[in-house]
Each structure stands twice: as C-alpha cells, then as structure tokens.
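Chains, contacts and geometry: an overview
Below, each chain spelled out in residue letters.
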Amino acid sequence: YGLETTPKRFTNKSLRTRTPVKGLYLAANDVTVPGVVGALMGGLLAASTVNCQVFIKLVGSVVVRLFHLGTCFIKGGKSKGPAVSS
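Given the structure is predicted, the values throughout are model-derived calculations rather than measurements. (Residues numbered from 1 in each chain as written. Predicted model: local features only at pLDDT ≥ 70, side-chain atom pairs only at ≥ 80, totals over all residues. Heavy atoms only, no water.)

**Considering the overall build of the chain**
Filter applied, for reference: Every helix listed is a DSSP run of H or I at least four residues long, and every strand listed is a run of E at least two residues long, numbered separately from the N terminus. Whether a residue is buried, partly exposed or exposed follows from its accessible area with a 1.4 Å probe, protein chains only, as a fraction of its type maximum: under 20%, in between, or over 50%, in that order. Any two residues having at least one pair of non-hydrogen atoms within 4.5 Å are treated as being in contact. Using a 1.4 Å probe, the Shrake-Rupley method yields the accessible areas, and only the shown protein chains count as cover for residues.
Of the regular secondary structure elements, the chain holds three helices and zero strands. Going from the N terminus to the C terminus, the chain shows its helices and strands as α-α-α. Buried residues in the chain amount to 19% of all 86 residues. Put simply, of all contacts in the chain between residues at least 6 apart along the chain, 25% involve residues at least 24 apart. Roughly 6600 Å² of accessible area belongs to the chain as shown, and the carbon and sulfur atoms make up 69% of that amount.

Set out below in structure tokens:
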C-alpha cells in the first residue's frame, strides 16, 4: 500500500512535511517509510516542523527512559534515575 519504496520516492521534494500552502503540513507514512511506524514518524516530523522543541522533548524523553531501563537490567534492580517529565 502507499507509494512505491524506491530511491525516487525518497528524493521527491514534494514528499516533505512542509508544503507551499501556509499552515498545511504532511504527516503520514508517505513522508517517511511505509507502515504504522512510518505514519508515527511522519506525525512526529510534522509536529517538529511546526515546533522543533516537540522532537527534542519526545525523543530526548525516550532516550533517557531507555538509558535508565538499560541501567536497571545491567544492575539487576530498579532504576533510581531522575523522573522524566513528558
């Protein structure tokens, strides 16, 4: 489903989050890659195009949580890392 996954698709300048129409952004899997994860990333990229702090806050939060989860598994206990606000 969706557009063909070819090199031409990924170099197509019209498949970006920003459009020539003021206030209109593309947010779907065709902006990134096919599938549910592609749709999720397309939405994240569109939100980040409107406000770059969205990407920093969401991705940073996930990285910090994964780091603490990894630390927890390595130490064999519960992570005592700082709480992450979302």
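**A short note on the pattern of salt bridges**
The test is simple: Any Lys or Arg side-chain nitrogen located within 4 Å of an Asp or Glu carboxyl oxygen qualifies as a salt bridge.
Throughout the structure, instances matching the rule amount to one salt bridge. A salt bridge links Asp30 to Arg9; the nearest nitrogen and oxygen atoms lie 3.7 Å apart. Here the residue Asp30 occupies a position in the loop between α1 (7-11) and α2 (36-50), and Arg9 occupies one in helix α1, the gap between them amounting to 21 residues. In this structure Asp30 comes out as partly exposed when scored by relative accessible area, which is 25%. Look at Arg9 and you get buried, because its relative accessible area is 6%.

**Some details on α2**
Using the following cut-off: The span you would expect from a helix comes to 1.5 Å times its residue count less one.
Between the first and last C-alpha of α2 there are 22 Å, a value that for 15 residues agrees with the 21 Å anticipated at 1.5 Å per step. Among the residues making up α2, those that are buried are Gly38, Gly42, Leu44, Ala46 and Ser48.

**Description of the environment of Leu26**
Positionally, Leu26 belongs in the loop between α1 and α2. Taking C-alpha positions, Leu26 is 7.6 Å from Gly42, a pair spaced 16 residues apart along the chain.

**Topic: the confidence of the model for the chain**
Heads up, the condition is: On a scale of 0 to 100, pLDDT captures the predictor's confidence in every residue.
Averaged over every residue, the pLDDT of the chain is 75; residues scoring 70 or more account for 71%. Averaged over each element, pLDDT in the chain is lowest for helix α3 (residues 52-75) (67) and highest for α2 (86). For the stretch residues 81-86, pLDDT sits under 50, and the model shows eight contacts to residues farther than four places along the chain or on other chains.

**Regarding a nonpolar patch on the surface**
Rules: Residues qualify for a patch when their relative accessible area is over 30% and they have no salt bridge, like charges being joined within 9 Å and the nonpolar side chains of Val, Leu, Ile, Met, Phe, Trp and Tyr within 5 Å.
Together, Phe55, Ile56, Leu58 and Val59 give the surface a local cluster of nonpolar side chains, amounting to about 330 Å² of exposed area. Leu58 sits in the partly exposed class, given a relative accessible area of 47%.

**Comments concerning the side chain of Thr17**
Rules: N or O atoms within 3.5 Å of each other form a polar contact, as long as, within protein, one can give a hydrogen and the other can take it, and as long as residues adjacent in sequence are counted only when both atoms are side-chain atoms.
On the secondary structure map, Thr17 appears in the loop between α1 and α2. With a relative accessible area of 11%, Thr17 lands in the buried category. Within the structure, Thr17 has its side chain in polar contact with the side chain of Thr49 (distance 2.6 Å). Once you skip the residues sitting within four places of it in the chain, Thr17 turns out to touch Leu24, Tyr25, Leu26, Val31, Gly42, Leu45, Ala46 and Thr49.

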